[in-house]
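Listed below, chain by chain, are the residues.
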Amino acid sequence: MKVFHLSVECYPVAKVGGLADVVGALPKYQTKLGVDAGVIMPWYDRPFVRDHKFSVIHEGTFYQGSELLNYSVYHEENNTLGFDLYLIKIPGKLDRQEVYCYPDEGEQFIAFQHAILHWFKQEMIIPDLVHCHDHHVGLMPFLMKYSNEYNFLADVKTVATVHNGQYQGWTHWSKAILLPGFDSWKWGLLDWDGVINPLAVLIKCCDAYTTVSEGYLEELYVEANGLQQLFYDERNKSWGIVNGIDWEIWDPQTDYTLAGNYGPANAFEGKLKNKRALAQQYKIDPDLPLLVFIGRFATEKGADLLPDIVSSLTANDPNRLSIFILGAGDPAIQSAIKALIDHGIENFDVFFGYDEKLAHWLYASADFLLMPSRVEPCGLNQLYAMKYGTLPIVHQVGGLKDTVIDLQKDGYGVGFETLDITDIRSAIGRSLQFYENKTEFEGNQHRIMNLDFSWDKSAAKYISLYNQLI
Ligand code: ADP
């Protein structure tokens, strides 16, 4: 079975968040299960691309509106990632450093999709299935079925995975001229509330859509930034498949980025070693339990609550725990957190920015990981935390609800029902109490490190979905 994953992120080529982790892992595990799975993504001016050997396997040109675009398809020669990796380069459009936030983003994504279609047509590539990740490639199933030039792909099955339904790629109708010519009777499929909505197009036109957890699927039927009715109406073709973690990258026994490796048997000591090394560089006390937050500074992640959480935890007793925040994003959130640092709170430190190595090190050093997310389609942080023996303290939404069962319900993590500061504090208070009972805490560490959140199971579920469609 020949499958192409289309995505604008893929770890380690270009990562902004969980989308990259999934697209960097799922095809690898599918390949191990016998599927010929490849990834097609934009070309980026990034270290992975500069440091690996690529050959140009195809070149072509097409019109985007009145602009003639030249594109090249690069193939990574050594199968470094365990699957075929293809990059589409278009000078001036797909040759940049960052993944998002360019003013012509919509045009970039249209060009990316058009180049793939053009390449397939020129080389007569007809895969069994095209798997589209998020709205950036949301127009593909429509164009494969209804564009005049590319409807030779109309019978190819398409799967859409929604990693985050909040972002939909809204595009003004004036940009329709940039699309390859399509059957104008079908324009309604492109429309949602008077604009072209690529996520809505994807859900309408795909053969099946999946969300990255079952809990998130249920939530999308109720609230999906305006698309809830659509998700509900199309529910007969929906699947909830929880993400896995790539154990070749996320395993404290082999993770080369750590100050010391450890397994379930010596987790407490191994984590302490990492915490001590961290304390040499950052303002935390290695003798106190360590609570960390890792993530985008976005309201979706509840990062706006962090200043209040930190203030309320440290107001009366700054020597009860250390706190570390790693993140970047909304400048207002960033300056509120910076104000706490300027205030000189003890045993509290922050790294503003994106740092993959530091993230690994924090999962290994921390005793607790806090996730006060308002929305969490799956959430990978809590899965990584558990693999590294760190107790997750999470808001019970979406994938967090599916993957973190509270200690009070015979589970292994700590949950809170509302985003009220008192509720969050009480969850952290419960975690600190639990920490004090060393035998139980270490027993739980052992348990969470052995939970099976592997890709093997989830990759197999995707394959069974593909088989049903094909
Ligand atoms: P998102 O909604 O951001 O995709 P996920 O939980 O699905 O959330 O995935 C987040 C991924 O990004 C994890 O691998 C996490 O470790 C990583 N991450 C988030 N912020 C940072 C950061 N500032 N530095 C390093 N890694 C980060």
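Residues numbered from 1 in each chain as written. Predicted model: local features only at pLDDT ≥ 70, side-chain atom pairs only at ≥ 80, totals over all residues. Heavy atoms only, no water.

### So, the packing of helix α10 (residues 306–314) against helix α11 (residues 331–342)
1) Next: One way to put it is that α10 packs onto α11 with a least axis distance of 9 Å and a crossing angle of 25°. Here α10 lies roughly parallel to α11, going by the angle between them. Residues L306, P307, V310 and S311 of α10 form the contact with α11, whose participating residues are A336, I337 and L340.
2) Next: Among the residues forming the contact of α10 with α11, the class breakdown is six nonpolar, one polar and no charged. (Axes fitted to C-alpha atoms, helices over the stretch in contact; angles between N-to-C directions. Helix = DSSP H or I, 4+ residues; strand = E, 2+ residues; numbered from the N terminus. Parallel < 35°, antiparallel > 145°, perpendicular 65-115°, else oblique. Contact = heavy atoms within 4.5 Å. Nonpolar A, V, L, I, M, F, W, Y, C, P; charged D, E, K, R; others polar.)

### Some details on the site of the ligand
1) Next: K15, G18, D21, R296 and Y363 are the nearest of the 19 residues found near the ligand.
2) Next: G353 places a main-chain nitrogen or oxygen 2.9 Å from a nitrogen atom of the ligand.
3) Next: In the model, an oxygen atom of the ligand is placed 3.0 Å from a nitrogen or oxygen of the L380 main chain.
4) Next: Out of a free accessible area of 570 Å², the ligand has 92% covered by protein chains.
5) Next: At the level of secondary structure, the elements contributing two or more residues to the shell around the ligand comprise α1 (18–32), β12 (290–297), β13 (322–329), α12 (356–365) and α13 (381–387). (Near = heavy atom within 4 Å. Polar contact = N/O pair within 3.5 Å; in protein donor to acceptor, adjacent residues only side chain to side chain. Areas by Shrake-Rupley, 256 points an atom, 1.4 Å probe, with all protein chains shown as cover.)

### Some points on the packing of aromatic side chains
1) Next: According to the stated counting rule, one finds 24 aromatic pairs in the structure shown.
2) Next: The ring of Y102 has R96 sitting right over it, with the charged end atom 4.7 Å from the ring centre.
3) Next: Over the ring of W247 we find K387, and its NZ or CZ is 4.0 Å from the ring centre. (Phe/Tyr/Trp six-rings, centres within 6.5 Å; stacked < 30°, edge-to-face > 60°. Lys NZ or Arg CZ within 6 Å of the ring centre and 35° of its normal.)

### A look at the environment of G18
1) Next: Secondary-structure assignment places G18 in helix α1.
2) Next: With a relative accessible area of 34%, G18 lands in the partly exposed category.
3) Next: Taking the C-alpha atoms as reference points, G18 and L321, separated by 303 residues in sequence, lie 28 Å from one another. (Buried < 20%, exposed > 50% of the residue type's maximum accessible area, 1.4 Å probe, protein only.)

### Comments concerning the pattern of salt bridges
1) Next: Counting across every chain of the model gives 20 salt bridges.
2) Next: For E248, the salt bridge identified is with K28, shortest N-O distance 3.1 Å. Of this pair, E248 sits in the loop between β11 (238–240) and α9 (267–281) while K28 sits in helix α1, placing them 220 residues apart in sequence.
3) Next: On the accessibility criterion, E248 (49% relative accessible area) is partly exposed.
4) Next: For K28, a relative accessible area of 9% corresponds to the buried category.
5) Next: Ionic contacts of the salt-bridge type, sharing partners, join the residues K28, K32, D246 and E248 into one network. (Salt bridge = Lys/Arg side-chain N within 4 Å of Asp/Glu carboxyl O.)

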